[in-house]
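Per-entry structural report
Below are the chains, spelled out letter by letter.
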Amino acid sequence: MKIAIAGCGKVGTAIAEQLIKEHHDLIIIDNNESHIDRISNYLDVLPVNGDAASAEVLTEAGVDECELLIAVTDSDAANILICIIAKKTGVPNTIARVRNPVYAKTINLIGDDMGLSFVVNPEKDAAKEIMRSLLFKSAGQVETFVQSNNEVMTFVVKEQNPLCGMLIKNLSKFIKRRILICAIKRDKEIFIPNGDTEIRANDTISFIANRADAVFFFKKMQYETGKISDLTIIGGGRIGYYLAEMAISNGIPVQIIDQDSDQCSSMADLLPEADMFCGDATDINVLDECGALKSAAVVTCTGSDETNVLISMYLTNKCPDTKVITEITKSDFEEMLYGINLGNVFNPKYIAADRIITYVRAMEETVGNEVQSLCHVIDNKVEVLEFKIKTSYPYVGQPIQSLSFKKDILLAGITRNGVSFIPGGNDTLEMGDTVIVTTTTKGIGRFGEIFA
């Protein structure tokens, strides 16, 4: 598919990297020459240096031949304008990144009139992801699926946990529920386990189950399963706003710390139910005075990766019972910090890229809407994909134990006729099934690609 991307900052680059792996033809448009040089040096794209909000630039770039234009510049207004112009030039599908809460509400009302196919809001989507984990205290990450009632959850195995030393193949006998461990982070290694993998203390584990079985599982391990009792948000930006709004609507008391007095005043007006504190959260005395050290959960989302990391490192050491969630936006910085305990780490650009990639995959006629959803777990290193089987593959109807899968692939769940289950070796794949697959291999776009 031929696709144009306007804006090659963090989100645009993340999208381009994934789309190139999936063999799409890309036109990249940006008015920052250094951005264009950087991305064209390592990705096979057609670079265009210019203002994508100009009809002349779009025409000269050849976007009229594209099936999709994705506008992810730093300006919401520019993204909306670019999509409108692209639509006028003949591009059938357009996606705009819209981050401002005021714009986002407007787009919900008139998005169809503007011809927008899809709108993505990285900060709001990140807040939704964080909120899911806050509603389940012991889970570091909670992801839901389009068709399945299964969820993927992440947690850390504590010392003296009854799972320590257990082989995965013996888990179902112990839990007496359908739980499938699909990925493990151990020290600095992330891998897809098998039945003979031993669970160890301090492992970060992702597993798939329905909500009832997940609750039973956590209770069996004596983990808390309810929502957090209160929340401290450090940083009054867009993520802080969206997250506070969601938490308040779920009955969770919220306090927000920000050192910008104007930002504090603005947030106090927008969220009168939240307690606002104006101060520097890198000051231990401020954290103590605000009660952050006694909060059930703390989210650091100041807009500065360095500040977020510094505060989170202190909190994970000082307050081991506090659920700490850290925003990191720079991929290279995230790699440098790999293995350091920062609680649960999230990156808005990956969340936004996942949503857009899922949309792109669904557009492809050759895929036939096979990919229903996509998410990343465990430091964004593991892909969890939800496929819909619409093609009569040769392995349809065959026992799973007789099939050969590629390395680092795990068949994690099946939904058939509205009923979801964790598959066993004697189960089969059938036409119309929705199948959940976990893998450390990036770029899988078709169900048939998981087989050896």
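Residues numbered from 1 in each chain as written. Predicted model: local features only at pLDDT ≥ 70, side-chain atom pairs only at ≥ 80, totals over all residues. Heavy atoms only, no water.

Section: the nonpolar core
Counting residues in hydrophobic clusters, the biggest one holds 47 residues, and the most contacted among them are Ile-5, Ile-15, Ile-70 and Phe-447. Considering each element in turn, this core owes the most residues, 6 residues, to helix 14 (residues 348-363). Those residues in contact with Ile-70 that sit more than four places away from it in its chain are Ile-3, Ala-4, Ile-5, Ala-6, Ile-15, Leu-19, Ile-95 and Ile-356. By size, the runner-up hydrophobic cluster in this structure holds 28 residues, among which are Ile-130, Tyr-242, Leu-271 and Ile-325. (Core = buried A, V, L, I, M, F, W, Y, C linked by side-chain atoms within 4.5 Å. Buried < 20%, exposed > 50% of the residue type's maximum accessible area, 1.4 Å probe, protein only. Helix = DSSP H or I, 4+ residues; strand = E, 2+ residues; numbered from the N terminus. Contact = heavy atoms within 4.5 Å.)

Examining the sheet that holds strand 11 (residues 204-210)
Backbone hydrogen bonds hold the strands of a sheet together, and the pairing may be parallel or antiparallel. Pairing within the open sheet is antiparallel, and its 5 strands lie in the order 7-8-11-9-10. Of all the strands in the sheet, the pair left with one neighbour each is strand 7 (141-144) and strand 10 (189-191). Along the sheet, successive strands turn relative to each other by an average axial angle of 15 degrees, direction set aside. Bridge analysis of strand 9 (residues 180-186) against strand 10 gives 3 bridges, and the strand direction is antiparallel. Its bridge partner lying in strand 10, Ile-184 is registered against Phe-191. Contacts from helix 8 (residues 211-220) reach strand 7, strand 8 (150-156) and strand 11, with the element oriented near 135 degrees to strand 11. (Pairing = 2+ DSSP bridges. Axes fitted to C-alpha atoms, helices over the stretch in contact; angles between N-to-C directions.)

With respect to the side chain of Asp-354
Mapped onto the elements, Asp-354 comes out in helix 14. When neighbours within four sequence positions are excluded, Asp-354 is seen to be in contact with Leu-374, Cys-375 and His-376.

So, the environment of Ile-85
By the element assignment, Ile-85 lies in helix 4 (residues 76-88). Along the chain, Ile-85 and Thr-59 lie 26 residues apart, while their C-alpha atoms are 9.8 Å from each other. Beyond its immediate stretch of four places on either side in the chain, Ile-85 contacts Ala-53, Ala-55 and Leu-58.

Quick look at the packing of helix 1 (residues 10-21) against helix 14
Contact geometry of helix 1 with helix 14 gives a least axis separation of 9 Å together with a crossing angle of 45 degrees. In this view, helix 1 runs oblique relative to helix 14, as classed from their interaxial angle. Taken as a pair, helix 1 and helix 14 cross one another with a handedness that is right-handed. For the pair helix 1 and helix 14, the contacting residues are Lys-10, Val-11, Ala-14, Ile-15, Gln-18 and Leu-19 in the first and Lys-349, Ala-352, Ala-353, Ile-356, Ile-357, Val-360 and Arg-361 in the second. For the contact of helix 1 with helix 14, the per-class residue count stands at 9 nonpolar, 1 polar and 3 charged. (Parallel < 35°, antiparallel > 145°, perpendicular 65-115°, else oblique. Left-handed = near helix turned anticlockwise from the far one by under 90°. Nonpolar A, V, L, I, M, F, W, Y, C, P; charged D, E, K, R; others polar.)

Describing the sheet that holds strand 19 (residues 382-388)
A sheet is described by the order of its strands in space; here 5 strands give the open sequence 18-19-22-20-21, paired in antiparallel fashion. The sheet is open, and its two borders are formed by strand 18 (371-377) and strand 21 (419-421), each paired with just one other strand. Recorded for the sheet is a direction-independent mean angle of 20 degrees between the axes of neighbouring strands. Bridge analysis of strand 18 against strand 19 gives 6 bridges, and the strand direction is antiparallel. Residue pairing in the sheet places Leu-374 in a bridge with Leu-385 of strand 19. The sheet contacts of helix 14 involve strand 18 and strand 19, and relative to strand 18 the element is tilted by about 155 degrees.

A closer look at the pattern of salt bridges
Going through the model one piece at a time under the given rule, you end up with 12 salt bridges. For Arg-200, the salt bridge identified is with Glu-198, shortest N-O distance 3.9 Å. Judged by relative accessible area, Glu-198 falls into the partly exposed class, the value being 36%. (Salt bridge = Lys/Arg side-chain N within 4 Å of Asp/Glu carboxyl O.)

Some points on the environment of Ser-261
Its place among the elements puts Ser-261 in helix 10 (residues 261-270). A sequence separation of 50 residues divides Ser-261 from Ile-311, and the C-alpha atoms of the two residues are 20 Å apart.

Quick word on the confidence of the model for the chain
Confidence in the prediction of the chain, expressed as mean pLDDT, is 88, and 93% of residues score 70 or more. Summarising per-element confidence for the chain, the mean pLDDT is lowest in helix 13 (residues 331-336) (66) and highest in strand 12 (residues 231-234) (98). (pLDDT = per-residue confidence, 0-100.)

Some remarks on helix 4
The terminal C-alpha atoms of helix 4 lie 19 Å apart, and with 13 residues this matches the ideal 18 Å at 1.5 Å per residue to within 8%. Taking the backbone nitrogen of Ala-77 as reference, a side-chain oxygen 3.4 Å away marks Ser-75 as the first, capping residue of helix 4. Phi for Gly-90, located one or two positions after helix 4, is positive at around 110 degrees. (Expected span 1.5 Å × (residues − 1). Polar contact = N/O pair within 3.5 Å; in protein donor to acceptor, adjacent residues only side chain to side chain.)

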